[in-house]
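As a plain string of letters, each chain reads:
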Amino acid sequence: MSAVTGKLAAASLALALVAASTSIASAQKKYDTGATDTEIKIGNIMPYSGPASAYGIIGRTEAAYFKKINEEGGINGRKINFISYDDAYSPPKAVEQARKLVESDEVLFVFNSLGTPSNSAIQKYMNAKKVPQLFVATGATKWNDPQNFPWTMGWQPSYQSETQIYAKWLLKNKPDAKIAVLFQNDDYGKDYLKGLKDGLGSKAASMIVMEESYETSEPTIDNHIIKLKATGADVFMNITTPKFAAQAIKKNGEIGWKPLHFLNNVSASVGSVIKPAGFDAAQDVVSAAYLKDTTDKQWDNDPGMKAYVEFMTKYFPEGDKTDNGTVVGYSVAQTLVQVLKQCGDDLTRANVMKQAASLKDFRAEMLLPGIKINTGPTDFAPISSLQLQRFKGERWELFGDVISADAGG
Amino acid sequence: MSAAEEVVAEGHQAVAAVPKRGMTLGTGTSLVVLAALLIMPIFVKNFIIFQMTMLLIYGLAVLALNILTGGSGQFSLGQSAFYAVGAYTTAVLMEHFNVNYALTLPIAGVVCFAFGFLFGQPALRLSGVYLALATFALATAMPQLLKLNFLEHWTGGVQGLVVTKPDAPFGLPMSQDMWLYYFTLVVVIAIYIFAVNLLRSRSGRAFMAIRDNEIAASAMGVDVALYKTLAFGVSAAITGIAGSLGAIAVQFVAPDSYTITLAISLFLGMVVGGVGWLPGSIVGAAFIIFVPNIAEGISKGLSGAVFGVLLFLVIYLVPHGARQVAILGQKLAGKLRKN
C-alpha cells in the first residue's frame, strides 16, 4: 500500500513539475496534428442510422453548439471543425470511422463517440495511437481506468454509481428492505446490478430477494413482474430501457403491487416513459437525475434553462427541446469548450487529456444545482453525483442532497 | 397451385442459370486485377489499406454466399451467424489459448464447415423463401447465443473480446496493416481459386444441376441431400474464414458486430455483384462498404434513405449487378475491335 502511495506522490510531483514548466512556456504555441492557429479539428462517431439512431440527435446538437461557438469567434481565436461520422451502432464500422478520423481527416481527438460496443472496439486503437477518446457517450463504468487507458475518458455518471447511490440511500433509510431486481440481460443491466451489489456490500445477499432478467427481444415483461411481486419484496429495482420501463410501471399499477419503486435514470423521461405508462401508476416512483428536465416547470426562470432554450431556437430549431439527448449534447459540448479554453495555445493531445483531467468544480448550465464536474489524474469520471427525485403529480420532485459515488473500472 | 407454392416457384427462378464459364474472369483480366491489388498498398495511407483489407474480407464472405446461392440455388440470410462463429473461434483461440493467428483460420474453417453441414441437414426439407426464413432465424439467434452466461467466460459476453493485431513476421519492414492486407490477399486468392475449381468440378456441376432442376438432377443420379448440405458446409467454412480475418483486422469481436444487418449486407453484396458471378463478390463488397459512406456524405440525417435510393437505382438499371456491366463492357470492346 505504501509503495502505491509513494508512486502516486511521485506521479503528482511530476505532474506539478509539468504544469509549472508549461505555464512558463505557455507563451509559445504548441500543436499536434489537427490543430493550427485558426482551427481545431474534432472527430465524432454517432449512430445516425441503425437500431440506436434515436441517439443521433446528440451529435447534431453538438454540431449546432460548435456552430454557435464559431459564430461567436471560436475558442482563443480558433474555429472548431467538427467532423461527425455514422457507425450505425456497429463496432466494425466504428473502427473504420475512427481510423478514418485519425489517419485520413487527422483530427486532434475523438469526442463523445457513442455506444459501449463501439467505444470498446476503438479503445485499444485510440490508446495505441495516443489520440484522446474524450467524454465517450456511454454509462459503462470501464471508461474510468486512467491506469490502463490514459487516453479514454467518460462523461456521464456511470451506471454503477447510480445504483450505488440507491444502495446508499436504502442502507440509511430502509436497512431491512427486501429488494426485487429486474434487469436487462446485457452489459448495461449487469453494470447497474453490480453497482447495487457493491453499494449494499455484505448485506447484498440478504437484502436482494430476487434477480430477474429479461431479453430485449421479449414483447412484454408482464410475467416477470408477476414473479417479482410473488416474492413479497417491498423494494423494486427497475433496471430497464424506456419501452420496458413503461410496461413495468403500467403492470405494477394493474396488479396493485406498490413497493418502493426505483426507476433507473435511463428511463426517467416523462415524455417517453411515464406518460405512456400513466401518471397514476407512476406516483411515488423514485429515480435519480443529474440534468435539468426541460419539461419541468420549476426551471422556467432558470438562467441556464433560458440560455439552452435560446440556443435551441436559434441554432437547432428542428431539434426536439424536450429530448434528453439534446440536453446531453449541449452539456457535454460545453464541457469540451471549457477543456479547450483551459488548453490555451498548447493544443497537443497530451495537454488536451491533461486539461480534461483537471476540471475543477466546472458547472455546465444544464446540470442540476449542486452537481459539479471534477476530474483528476486518477479520476476520469467527470460526473459522479446525482440527486434523488420522486414522481409527484405530473413531474419529478427533487429531494434530499446531491449524493456522490465514484466507481472505478 | 396455392399462393405459397407460386412464391416458392418464383424463388427458384430468381437464381438465373449461369453457365459455368460465365462465372469467372478471363486470364488477362484476372492478372491485371491481381497486379493492381498487389501494388496498391505501396501508394496509399494505412487507413486505405485497412479499408481494402475489409473489402477483401467482405468480398470473401460474399463469395461464400455466391457459391451457396449462385452455385446450388439455396438462399441464406444467416451468413452472419457463420461469420460470427469464425470470428469468435479465432478470437477465443488467440486470446485464451495463445494460438498463432494463421493457425486459427483453418480451425475456424473446420468448425464452421461442421456447423454449416449440420445446419444444412434440417434445412434440406426447406426450399426458397422457407429456407431463407430458417437461416434468418439462425442470424437473429446468434448474437443472443454469444451473450449466454455459461459462454461468457470464453466470449466475454456483451463486452466482447479484444484481439491483438499481429506484427509482420521475419522482421519484414511493413506496417501491421500492410502485412495483414497481404496475408488476407493470399488467403482470398487461394480460396477464390479453390472456389472456381470447385464449381468447375464434378461437385460444382452437381450443385448447378440441383439449382437448375432438382428433380432432373436427382434422376441423373446426383445425391441431392448430400450436395445440398455440402454446399452449405463449404459456404459456411469460407464465411467462417472471412469472419476470422475480420476479427483480426478489426481487433474486436462483440455480439453486436454480427447482427442480422450483416447478413442482409452480405446478401445485398451478392445481388449487386451479380448472383453466380464470382468476381462480382468484390464489387458487391465494395458496394456495401463504400456506398453507405457516400450516402452519409450526401445527407447525414437521411443516410439510410439515400442508401435506399442508390440501391434501388442499381437494381433498376442493372438487375444482374456487376456481371451485367461486365458483359456490356465486353460487348462494347468487341464492337470497337470489329470497327
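Residues numbered from 1 in each chain as written. Chains lettered and ligands numbered in written order. Predicted model: local features only at pLDDT ≥ 70, side-chain atom pairs only at ≥ 80, totals over all residues.

All names here are of chain A. Pairing is parallel in the open sheet, where 4 strands are placed in the order β3-β2-β4-β5. Where the open sheet ends on each side, the last strands, each with one partner, are β3 (79-86) and β5 (133-134). In the sheet, strand β2 (residues 39-46) pairs with β3 via 8 bridges, with the strands oriented parallel. Bridged to lysine 41 within β3 is asparagine 81. (Pairing = 2+ DSSP bridges. Helix = DSSP H or I, 4+ residues; strand = E, 2+ residues; numbered from the N terminus.)

Of all hydrophobic cores here, the largest spans 210 residues; its most connected members are A:Ala98, A:Val110, A:Val181, B:Leu60 and B:Ala61. Ranked by residues supplied to this core, first place goes to helix α3 (residues 46-72) of chain B with 16 residues. Excluding anything up to four places from it in sequence, A:Val181 contacts A:Leu193, A:Leu196, A:Ile208, A:Met210, A:Glu211, A:Glu212, A:Met237 and A:Ile239. (Core = buried A, V, L, I, M, F, W, Y, C linked by C-beta atoms within 7 Å. Buried ≥ 20, exposed ≤ 12 C-beta atoms within 10 Å, placed from the backbone. Contact = placed C-beta atoms within 7 Å.)

The next thing to look at is the interface of chain B and chain A. In this assembly, 25 residues from chain B lie in contact with 23 residues from chain A. Only α3, α11 (224-250) and α14 (303-317) of chain B provide two or more residues apiece to the side of chain B that touches chain A. Of all the elements, α3(B) adds the most residues to the side of chain B that touches chain A, at 5 residues. Its residues placed into classes, the side of chain B that touches chain A shows 8 nonpolar, 12 polar and 5 charged. (Nonpolar A, V, L, I, M, F, W, Y, C, P; charged D, E, K, R; others polar.)

What follows is about the environment of B:Val110. Structurally, B:Val110 can be placed in helix α5 (residues 101-123). In sequence terms B:Val110 and B:Ala326 are 216 residues apart; their C-alpha atoms lie 34 Å from each other.

So, about helix α11 (residues 303-315) of chain A. All names here are of chain A. The first and last C-alpha atoms of α11 sit 18 Å apart over 13 residues, in line with the 18 Å expected at 1.5 Å per residue. Looking only at α11, the buried set comprises Tyr308, Phe311 and Met312. One face of α11 carries all of its buried residues, which in axial projection span an arc of 95 degrees. Turned more than 90 degrees away from the buried face of α11, the exposed residues are Pro303, Glu310, Thr313 and Lys314. Considering only its buried residues, α11 is in contact with α2 (56-71) and α12 (324-343). (Expected span 1.5 Å × (residues − 1). Arc of directions from axis to C-beta.)

The backbone of A:Lys130 sits at a positive phi, close to 60 degrees, despite the residue not being glycine. Structurally, A:Lys130 is set in the loop between α4 (116-129) and β5. We classify A:Lys130 as exposed; it has 12 C-beta atoms within 10 Å. Even without being glycine, B:Asn98 reaches a positive phi, approximately 55 degrees. Examined against the element boundaries, B:Asn98 turns out to sit in the loop between α4 (79-97) and α5. Residue B:Asn98 is classed as exposed on the basis of its C-beta count, with 8 C-beta atoms lying within 10 Å.

Moving on: the packing of α3(B) against α11(B). Residues and elements named next belong to chain B. Taken N-terminus to C-terminus, the directions of α3 and α11 make an angle of 175 degrees; their axes are 9 Å apart at the nearest point. Our classification of the angle between α3 and α11 gives roughly antiparallel. In the contact of α3 with α11, the residues fall into 19 nonpolar, 6 polar and 1 charged. (Axes fitted to C-alpha atoms, helices over the stretch in contact; angles between N-to-C directions. Parallel < 35°, antiparallel > 145°, perpendicular 65-115°, else oblique.)

Two measures define how a pair of helices packs: the angle their axes make with one another and the distance between the axes. All names here are of chain B. Their axes nearest at 11 Å, the elements helix α8 (residues 176-200) and α11 cross at an angle of 175 degrees. In terms of their interaxial angle, α8 and α11 are classed as roughly antiparallel. Counted together, Leu180, Thr184, Val187 and Ile191 of α8 and Ile238, Ile241, Leu245, Ile248 and Ala249 of α11 form the full contact between these two elements.

Attention now goes to the confidence of the model for chain A. On average, residues of chain A score 88 in pLDDT, and 92% of them are at 70 or above. Scored below 50 in pLDDT, residues 20-26 of chain A makes 4 contacts in the model with residues more than four places away or belonging to other chains. (pLDDT = per-residue confidence, 0-100.)

Quick look at the pairing of strand β9 (residues 260-263) of chain A now. Residue and element names in this part refer to chain A. Relative to β9, strand β8 (residues 235-239) runs parallel, the two being bridged by 4 bridges. For asparagine 238, the partnering residue across the bridge sits in β9 and is leucine 263. Tracing the backbone out of β8, into helix α9 (residues 242-255) and back to the parallel element β9 gives a crossover that is right-handed. (Right-handed = clockwise from strand over helix to strand, strands pointing away.)

The predicted coordinates ought not to be read in detail in places where the model reports low pLDDT. Residues and elements named next belong to chain B. The pLDDT averaged across chain B works out to 84; a share of 93% of its residues lies at or above 70. Here residues 1-14 is modelled with pLDDT under 50, and outside its nearest four sequence neighbours on either side it reaches 10 contacts, counting other chains as well. For this predicted complex, the interface confidence reaches an ipTM of 0.77, while the overall pTM sits at 0.80.

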